[in-house]
Each structure stands twice: as structure tokens, then as C-alpha cells.
Amino acid sequence: MICELHVRGHTQLHPAVPTPLRGSYAALAEPAVLDHLQRLGVTTLSLMPVQHRADEERLLAMGLTNYWGYNTIGWFAPEARYWSGRPGTTPAGEFRALADAVHARGMELVIDVVYNHSAESDELGPTLSLRGIDNALYYHLRADDRALYENWTGTGNCLNLGEPRVLQLVMDSLRFWAGEMGVDGFRFDLAPVLGRATATGFDPRAPFFAAIAQDPLLSRTLLIAEPWDIGPGGYRLGEFPPGWLEWNDRFRDTQRGFWLRQDREGRAGLGDFAHRFTASSAQFAHAGRSPAASVNFVTAHDGFTLRDLLSYDTRHNEANGENNRDGHGHNLSRNCGVEGPSDDPAVRAERLRLSRALLAALMLSQGTPMLLAGDEIGHTQQGNNNAYCQDNETTWLHWVGSTDPAGEPAQLSAFVARLAALRRAAPVLRSTRWWPADPAPGTAGIRWLRPDGAPMQPPDWEGGTALAILFGSLEAGTAKETPTSTTTPSTPKAAPAWLLLVNAGARAQPFRLPPGAWRCVLASDPAIDPGPEPSAVNATEVEIPPSSLWIATT
């Protein structure tokens, strides 16, 4: 389970962090901060950029900074703005101490890296480093005018990793962070640029990918691609080499369309939901790649937070100084009847129910789940879906109520922790193998059922908003004993069956249960959620409330 977070934003307002440390690497290493992440069930921290950056002149003129940090110029230097400044410490030393603290908790540390462009921007940008050393070598220049830059990144320039010296720079930087700074992996921003040639386009066998694969250190790290850029043919989901993970934006859009848009433009149907629920096999089931290659997410730093996704129909980015023109305009969001905050109990209840449904769909799907830090406590950016330049309380997490068991933030956090624990307890929810499309009777597989209990038929996938997903099989007896005089050969052991009932409709939906002694372990609707202890189901039929999931086991 990945958690994407920002070093400053995660800790700047944290009440359990000493004030002088807030917003720093040292703050993120504080026990109270790591305790919370560990309770959630996080296994991998994915930090937004921590390499030294330069702020754009345009932002500085408006009194803003590049808060997200995707404007790197020092690929071997930790960002000093995240250093506490304590006497006797350095930015590098404090970052290494953070890595040690994360590892001591049994968690991994991944950093977001920007090797697709530099902070020197286009031909009108500042000359800070590479442009002055060898402009034509380091950058992709336009064939029709070598004074201008290719702009497949949207930031003004693109580094050319097809050049050996540029590739060496990137590889040396990666080895530094993995070997010297304690980093376990990398998330590559706009990753197609790293394998793109001007003449031939993206190639998964490009020099960069080949160099990573043969490197004895980097080939063992966690490699995550953002599989798109804005260049020609820039969308490459599912096309990265075996061993790589990829952000799956189609999972995001399908979950939003399925749960939030059934009655409006952008609706996703049962077939789309099932495909993304089972790790997007059309994109990833090839070349020996596993379901884990799909990094599933509903929200990320780029876009609405989960709370804002359910509170705003349109973006509200006026504070960015671009007259609300920046940021995505197509968010597949749903404000539940009120634009922005609301004290209406019905609106708040609907938003909570949908929050829990989206979190449950994320955590129960095949693949690698990624949580945006703050979603578990209801963080809002007041509708700003492109807060890249807001280093202030717009983006800093507010921890009020997060430690009060009766408060909504603490209760939502506890729900996420239960989902993570359920995922750990049920191997079928995190299979590393692809489920067969048509399993033989008595073998491992997923059975797709209609609410009346009958198997789904082709026409059933075209309409409707509800289905049951049955995981049931006999274990293949992987722990067989060798027979002795006092033992007999082991036989396949009956594994617990798991049943997930899904209702994205606006009305309650009755479901007929398959045969078995079912125990409900979790429901996304608080009204029927059994809580931490499973509840026996003494009926052959259950009614699932609107916009909710229900999961049981035998």
C-alpha cells in the first residue's frame, strides 16, 4: 500500500511535531507521524520531489513558489527547504535519518524524481546549468529551429536521455539516492520522455530502460512510471518493461464514473468496473507482468482531494493567478448538491458514504493501491485541483480531530486501517497472479454474479449498477507433507470464500447470497457496517444500501 505525501504539507500543522521541526525531513521521521502511517497499513511512503529545485520567475513575481517541486535543477542535492536547520545536522544527513526511521518501521521509501526536464525552462528561461554546459547535447531541440526546444513535458524543455552523458547523469543520480541516501525506489514523472527519441518516439527498450535493467543496484529498486506526457503518442499505459509499476489513471476515472456519475456524463458501467477491479488485464497481462503492475488510485496530488471530489463540481483555482484556467476541467466529481462545504446532514452523510465506497473500491481491487495522504482525514484544498504553487494552509494537512475517536477524521482513518488489514488477511484481494477468465468448477477463480445469484451473462454487463463478486476455490495444497508411517498425504484444503457485493445505484439493492455460512466483515455504508468484529449473516438475502460495498467471508 503506497501513500503519496508531501514532506512539508504532511507535517507543517501536525500538533504532535515540535514546532521547530515542522515541515522538515526530521518532522516526517517523528514517531507520531510514522505511527499514523503505520496504523493505516501503509507499506511504502512515496514522497513528492525532494531534489533541489528552482522556482519559476513568474511564480516568484506573484509571491508564490513551486510547492510541488517538479522543477529540479540539482539532482544530487536534497531540497534544503525541507531541512530543519538544527545545529549539527545537514539536509543530506537529516534525509538519511528519515530513511532509517522509515526502514525501522518495516516500510519502504520512494521518491518522486524529475528527469524529463530541468528548471531552465524554454529559450526564454534562465541559464542555470545544463544550457550553459552543452545545450544541444542535454536537450531535445526542434528539428525545424535548433534555437527552440521540444516541449513534450509542458514545462519548456525535455532532457535527451538518448545521449550517453545525459543518461550517465541520470543513472549516477539514481545510484546516489539508492546507494547513499537510503531510497528504496523511484516514481518517474512524465516517464515516456525518458524513453523517447525525436525520430522514433517512445521505446520500452530505450537506453534508459536497458541501463536500469542491467544495473546491479537500481534493478532491485521499486520502479514506478507516470506513463504519459504531452508529446506525440505520449499516452503509454501498460507499455513499460516487466518489473515496472505504472500509475493507472483509467482505474481512477472508472471508479469516479462508476460511483459518482451513474446519472450524468462520464458514467462507467459494470464491465469497466470489473476490468479495473481486476487490475486492468488489457493493459498489464503480458510479458510476465503481474497485477501489482497497476498502481490504482482515486486521487493523487494532481487533482481534487477525496473530500473535494465529493464537494465541488468545478475547479476553484483562482489563487494560482491564472484566472482559474489551469488544472483539469474534467474531474468526474460530484458535489452532492452543494458546491463546497455544507452543514446539511443529508449532504454530509452522502459525502461520507461515497468517500467510504471509493476507499473500499480502491483497497479491495487487484493491483497496488495508492492513497493520497490526507484523504483519510478529510483534507480539503477548497476546490483547488492544481495546488502546485500553494505552500500554505491550502495544501498543508489539518490534523484537527484526527486523534479523537469520535471525530470523523479519526473514524475515516480507522476505516482505511480496517481495509488495509482486510487486504492483508485475504490473499485473494492481492493476488500476484491473473485470475482465469473462465475458471473450471472447483478451481481458483472469480465468479461474477447478478444480484439474484445467477452468473452474469453478456447482456448483464451492458446495464445495471450492481453485481456480486465471489472468490471461491480449493487451495492447491502447496504445503503438502511427505507421507511417513504416522502421516497420510495431505489433501487440498478448503480455503475461505470471499464475497463482495457492489451497488453503485441510487436505491438499495437486494442480493441473494451463495450457499455458505457467511460473516460480514465490512460494509462501506456506516449504517450496516459491523465494525471491527465480523457479524454472522443469518439470511439467504441481504439488502445493500445505495452507493456502497459489502464484503463477507465463510
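Residues numbered from 1 in each chain as written. Predicted model: local features only at pLDDT ≥ 70, side-chain atom pairs only at ≥ 80, totals over all residues. Heavy atoms only, no water.

## Re the overall build of the protein
For clarity, the threshold we go by: Helix and strand assignments follow DSSP, with helices taken as H or I runs no shorter than four residues and strands as E runs no shorter than two, numbered in order from the N terminus. In this description the radius of gyration comes from C-alpha coordinates, and the expected globular size is given by 2.2 Å times residues to the power 0.38. Relative accessibility under 20% of the residue-type maximum defines a buried residue, over 50% an exposed one, and the middle range a partly exposed one, all with a 1.4 Å probe and only protein chains included. Residue contacts are defined here by distance: any two heavy atoms, one from each residue, within 4.5 Å place the two residues in contact. Accessible surface is estimated by sampling points in the Shrake-Rupley manner with a 1.4 Å probe; for residues, cover comes only from the protein chains shown. Charge counting follows a simple rule: Lys and Arg are positive, Asp and Glu are negative, and His as well as the terminal groups are ignored. Charged side chains are reduced to one point each, which is NZ for Lys, CZ for Arg, CG for Asp and CD for Glu.
Across its full length, the protein carries 14 helices and 22 strands. For the protein, the C-alpha radius of gyration of 24 Å lies close to 24 Å, the compact-globule estimate for 554 residues. Taking the principal axes of the C-alpha coordinates as reference, the protein spans close to 75 × 60 × 50 Å. Residues classed as buried in the protein amount to 56% of the 554 residues present. In the protein, the proportion of contacts linking residues at least 24 apart, taken out of those at least 6 apart, comes to 69%. Of the roughly 22,600 Å² of accessible surface on the protein, 53% is carried by carbon and sulfur atoms. Distance between charge centroids for the protein: 5 Å, based on 47 positive and 61 negative side chains.

## With respect to the environment of N71
Here is the rule we go by: We define a polar contact as two N or O atoms separated by no more than 3.5 Å, with the added condition that, inside protein, one atom must be a possible hydrogen donor and the other a possible acceptor, whereas residues neighbouring each other in sequence contribute only through side-chain atom pairs.
Here N71 shows up in the loop between helix 4 (57–61) and strand 4 (72–78). Judged by its relative accessible area of 5%, N71 falls in the buried class. In this structure the side chain of N71 is engaged in a polar contact, spanning 2.7 Å, whose partner is the backbone oxygen of A54.

## Section: the nonpolar core
Which entries qualify depends on this criterion: As used here, the term nonpolar core means buried Ala, Val, Leu, Ile, Met, Phe, Trp, Tyr and Cys residues forming a set that is joined through side-chain atoms within 4.5 Å.
L47, F95, F186, F188, F208, W259 and I469 are the most contacted members of the largest nonpolar core, which has 118 residues in total. It is helix 13 (residues 345–364) that contributes the most residues to this core, 10 residues altogether. In contact with W259, other than residues within four places in its own chain, are F273, R334, L354, A357, L358, A361, V502, N503, A504, S547, S548 and L549.

## Thoughts on the sheet that holds strand 8 (residues 185–188)
Test applied: At least two bridges found by DSSP between two strands are what make those strands a pair. For helices, the fitted axis covers only the stretch in contact; all axes are lines through C-alpha atoms, and the angles between them, taken along N-to-C directions, range from 0 to 180 degrees.
In space, the 8 strands of this closed barrel follow the order 1-2-5-8-11-12-13-14, with parallel pairing throughout. The average undirected angle you get between the axes of adjacent strands in this sheet is 30°. Sheet analysis places strand 2 (residues 44–47) next to strand 5 (residues 108–113), joined by 4 bridges and oriented parallel. For S46, the partnering residue across the bridge sits in strand 5 and is V110.

## Topic: the sheet that holds strand 20 (residues 535–536)
As a general point, the strands of a sheet are linked pairwise by backbone hydrogen bonds and lie either parallel or antiparallel. One open sheet holds the 6 strands; their spatial order is 15-16-17-22-19-20, and the pairing between them is antiparallel. The sheet terminates laterally at strand 15 (446–449) and strand 20, the two strands that pair on one side only. Bridging between strand 16 (residues 466–471) and strand 17 (residues 498–503) involves 6 bridges; their strand directions are antiparallel. Along strand 17, the bridge assignment pairs L470 with L499. Across the sheet, helix 13 touches strand 17, strand 19 (519–523) and strand 22 (548–553), and the angle it forms with strand 22 is around 45°. Relative to strand 19, helix 14 (residues 408–425) is tilted by about 135°, and along the sheet it contacts strand 17, strand 19 and strand 22.

## Observations regarding the pattern of salt bridges
For the record, the criterion: By definition here, a salt bridge exists when the distance from a side-chain nitrogen of Lys or Arg to a carboxyl oxygen of Asp or Glu is within 4 Å.
Summed over the entire model, instances satisfying the criterion amount to 28 salt bridges. Among the ionic pairs, R187 bridges to E226, the shortest N-O distance being 3.3 Å. In this pair, R187 is assigned in strand 8 and E226 in the loop between strand 11 (222–225) and strand 12 (245–248), connecting sequence segments 39 residues apart. Accessibility classification places R187 together with E226 in one group, the buried group. The partner of R356 in a salt bridge is D529, with the nearest N and O atoms 3.0 Å apart. Taken together, the residues R356 in helix 13 and D529 in the loop between strand 19 and strand 20 connect sequence positions 173 residues apart. Judged by its relative accessible area of 9%, R356 is buried.

## Comments concerning the packing of aromatic side chains
Threshold: Between the rings of Phe, Tyr and Trp (Trp by its six-membered ring), a pair exists once the centres lie within 6.5 Å; its type follows the angle of the planes, with under 30 degrees stacked, over 60 edge-to-face, and the other angles tilted. Lysine and arginine charges are scored as sitting over a ring when NZ or CZ, respectively, is within 6 Å of the ring centre and within 35 degrees of the ring normal.
Using the criterion set out here, one finds 29 aromatic pairs in the structure. Ring geometry for F273 and F277: centres 5.9 Å apart, planes at 25°, overall stacked. On the criterion of helical spacing, the pair formed by F273 and F277 is a turn pair, its members being 4 residues apart in helix 10 (residues 270–277). Here F273 falls in the buried class, since its relative accessible area comes to 1%. Among the residues examined, F277 registers a relative accessible area of 1% and is labelled buried. Among the aromatic side chains, those forming a connected cluster through ring pairs are F258, W259, F273, F277, W435, W448, W461 and F471. Across from the ring centre of W247, 4.0 Å away, lies the NZ or CZ of R187, which sits over that ring. The residue whose ring lies beneath R356 is F415, and the NZ or CZ to ring-centre distance is 3.9 Å.

## Topic: the confidence of the model for the protein
How we decide: Within a predicted model, pLDDT stands for the predictor's per-residue confidence, ranging from 0 to 100.
Looking at the protein as a whole, the pLDDT averages 94, with 96% of positions reaching at least 70. Taken as a whole, residues 474–492 scores under 50 in pLDDT and shows 12 contacts with residues more than four places along the chain or in a different chain.

## Here we look at the side chain of T395
When you line up the elements, T395 lands in the loop between strand 14 (368–372) and helix 14. Excluding anything up to four places from it in sequence, T395 contacts G9, Y67, H379, Q381, A387 and Q390.

## Observations regarding helix 3 (residues 31–40)
Worth spelling out the cut-off: By definition, the arc is the one covered by directions from the helix axis to the C-beta atoms.
For helix 3, every residue scored as buried is listed here: V33, L34, H36, L37 and L40. Viewed along the axis of helix 3, the buried residues span an arc of 155°, placing them on a single side of the element. Looking one or two residues beyond helix 3, the residue adopting positive phi is G41, at roughly 100°.

## Brief notes about unusual backbone geometry
Located in the positive-phi region is A279, a residue other than glycine, with phi close to 75°. With respect to the element layout, A279 can be found in the loop between helix 10 and helix 11 (281–284).

## Observations regarding helix 9 (residues 249–260)
Rules: Here, expected helix span is obtained from the residue count minus one, scaled by 1.5 Å.
The first and last C-alpha atoms of helix 9 sit 16 Å apart over 12 residues, in line with the 16 Å expected at 1.5 Å per residue. Listed as buried for helix 9 are D249, F251, R252, T254, Q255, R256, G257, F258, W259 and L260. Structurally, the start of helix 9 carries an N-cap: the backbone nitrogen of R250 is 3.1 Å from a side-chain oxygen of N248.

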